[in-house]
Amino acid sequence: MSRLDTKKPSLCKSEPLTSERVRTTLSVLKRIVTSCYGPSGRLKQLHNGSGGYVCTTSQSSALLSHLSVTHPILKILTTSVQNHVSSFSDCGLFTAILCCNLIENVQRLGLTPTTVINLNKHLLSLCISYLKSETCGCRIPVDFSSTEILLCLVRSILTSKPACTLTRAETEHVSALILRAFLLTIPENAEGHIILGKSLIVPLKGQRVIDSTILPGILIEMSEVQLMRLLPIKKSTALKVALFCTTLSGDISDTGEGTVVLSYGVSLENAVLDQLLNLGRQLVSDHVDLVLCQKVIHPSLKQFLNMHRVIAIDRIGVTLMEPLTKMTGTQPIGSLGSISPNSYGSVKEVCTAKFGSKHFVHLIPNEATICSLLLCNRNDTAWDELKLTCQTALHVLQLTLKEPWALLGGGCTETHLAAYIRHKTHNNPESILKDDECTQTELQLIAEAFCSALESVVGSLEHDGGEILTDMKYGHLWSVQADSPCLVNWPDLLSQCGCGLYNSQEELSWSFLRSTRHPFVPQTCLSHEAVGSVSNLTLDCLTAKLSGLQVAVETANLILDLSYVIEDKN
């Protein structure tokens, strides 16, 4: 078929980062993500101009998934951050802000992209090596025999999401529930390779947050009328379970382009119903106590099973299939033919439960590695944000189980790391300039741009006009409220550093975050006594932060290396 319109040539733009439009667009994205950062971050409302769902959030996963990005450079940045968040759940805003800062800072220097990229790689390697080393002054071990550090980690995630609208008491309550939900997914007698269970979040919107609770097993929501029809089962042994992933409704499946040949006088509906009843007889003869079906069960089959005191529950949905398979040990049955005895599983008990206005069938497992977190919040918007935050916290705990370390939060890791890099590049540049690929002056320029980018991330934590300081001993962050007197003794204004580890009563000296100061070596080798003496630390996930740091630098390098953007206009 011939073209209706003449084919347009592709649009080719050289040096895309020199375009004022690109710089403005990057600056807008930076302002959006920067204003969301931290416990006092500003919320964003995202909605379609034609109406529909309105999302109120400050989380990168919700924010970026609702943003419509068209420019290729912005797509690279947002896609990189989204890929990071899909794998690690946390540190999405940190990654986006750091990437934008690096691009912005480096553009002012006028150095060649090759030089910038090589030095950025060296500095990234220096950061990761230090953060993973035993001498790191902002990394603490996570002891799973104690809940204190784990609670700090969860609490830090909850308090950084203002759209959850939690009070202090509610934060403590939800933090304890999340930690308990995670611990329930760890098998009791796990040796060697651990296979974790699953935490299911059950919505209870319009209820008090403090009413949130956790139960071992799975809750299947049902109407009160359906629940009243279920027959109670009293057995001293485990209940036998059959789980179907196919429909038991008796509907004739689509034959596609084929044909169904029937003998004269044969009713297809009756034949299918007979097959369903034969299936029911096998279930009864196999002493099955509970039949679960992902789709619909035919009313006649349901009645037959009820007559033989077998509980039949249908329409459980695809979401519960995997956790039900894990919890019961069943193999989902996908046909109406003969059932293998190996397909059956078991549960310890079946009972009913009521929470708020909702009714549930509660399946209690033999071993509790699957649990249900009944999550309450005041309204739909706050609940959606809280659910996303709880999922992030649960994922962070799983990552911490693999790599049991945490980083000091509240901006202290970033300022400490910036101080470490400045000291290293100023006092020992030879360790970085091994291949004579750049001069010492270029190294100092890029190192300052890199450290400034890290410190700008920290500066994003302040949204109310306050000042940020760093101490000259540990390299930690300290916040001063707006409208504080200029000439004052700093210990009178400062209480604790950003992570909460140190207080101002120590003999410390401070300087403003972006002020010119001589490079100093921050104290390394964090003492166990210092960590053990503080019960309310602000922490970050080491694994997520390292990935965010790497993604930010690599994405910035990729964008800085772009020479042309070729766009097909057809």
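Before reading on, note that the structure itself is shown above.
For clarity, every value in this text was computed on a predicted model and none was experimentally measured. (Residues numbered from 1 in each chain as written. Predicted model: local features only at pLDDT ≥ 70, side-chain atom pairs only at ≥ 80, totals over all residues. Heavy atoms only, no water.)

### Topic: the environment of Leu 336
Then comes step 1: The residue Leu 336 is located in the loop between α11 (321–328) and β11 (345–347) in this model.
Then comes step 2: Sequence spacing of Leu 336 and Thr 246 is 90 residues, and the spatial spacing of their C-alpha atoms is 8.5 Å.
Then comes step 3: Residues in contact with Leu 336, not counting those within four places in the same chain, are Thr 247, Leu 248, Gln 275, Leu 276 and Leu 279. (Helix = DSSP H or I, 4+ residues; strand = E, 2+ residues; numbered from the N terminus. Contact = heavy atoms within 4.5 Å.)

### Quick notes on the sheet that holds strand β17 (residues 477–480)
Then comes step 1: Pairing within the open sheet is antiparallel, and its 3 strands lie in the order β17-β16-β18. Whereas interior strands pair on both sides, the edge strands pair on one side only; in this sheet they are β17 and β18 (510–512). Pairs of neighbouring strands in the sheet enclose a mean axial angle of 35°, with direction left out of account.
Then comes step 2: Two strands pair when backbone bridges link them, and strand β16 (residues 467–471) and β18 are joined in this way by 3 bridges, in the antiparallel orientation. Each residue of the ladder has a partner; that of Asp 471, found in β18, is Trp 510. (Pairing = 2+ DSSP bridges. Axes fitted to C-alpha atoms, helices over the stretch in contact; angles between N-to-C directions.)

### A short note on the side chain of Thr 34
Then comes step 1: By the secondary structure assignment, Thr 34 is in helix α1 (residues 20–36).
Then comes step 2: At 2.6 Å, the side chain of Thr 34 forms a polar contact with the backbone oxygen of Lys 30.
Then comes step 3: If sequence neighbours within four positions are ignored, Thr 34 has contacts with Ile 97, Ser 460 and His 463. (Polar contact = N/O pair within 3.5 Å; in protein donor to acceptor, adjacent residues only side chain to side chain.)

### With respect to the sheet that holds strand β15 (residues 405–408)
Then comes step 1: Pairing is antiparallel across the open sheet formed by 3 strands, whose spatial order is β4-β15-β19. What marks the edges here is a single partner per strand, and that holds for β4 (139–141) and β19 (539–541). Between one strand and the next, the sheet's axes are offset by a mean angle of 40°, whatever the strand orientation.
Then comes step 2: Sheet analysis places β15 next to β19, joined by 3 bridges and oriented antiparallel. Looking at β19, one finds that Ala 406 is bridged to Cys 541.
Then comes step 3: Running over the sheet, helix α17 (residues 542–560) touches β4, β15 and β19 and is turned about 70° from β19.

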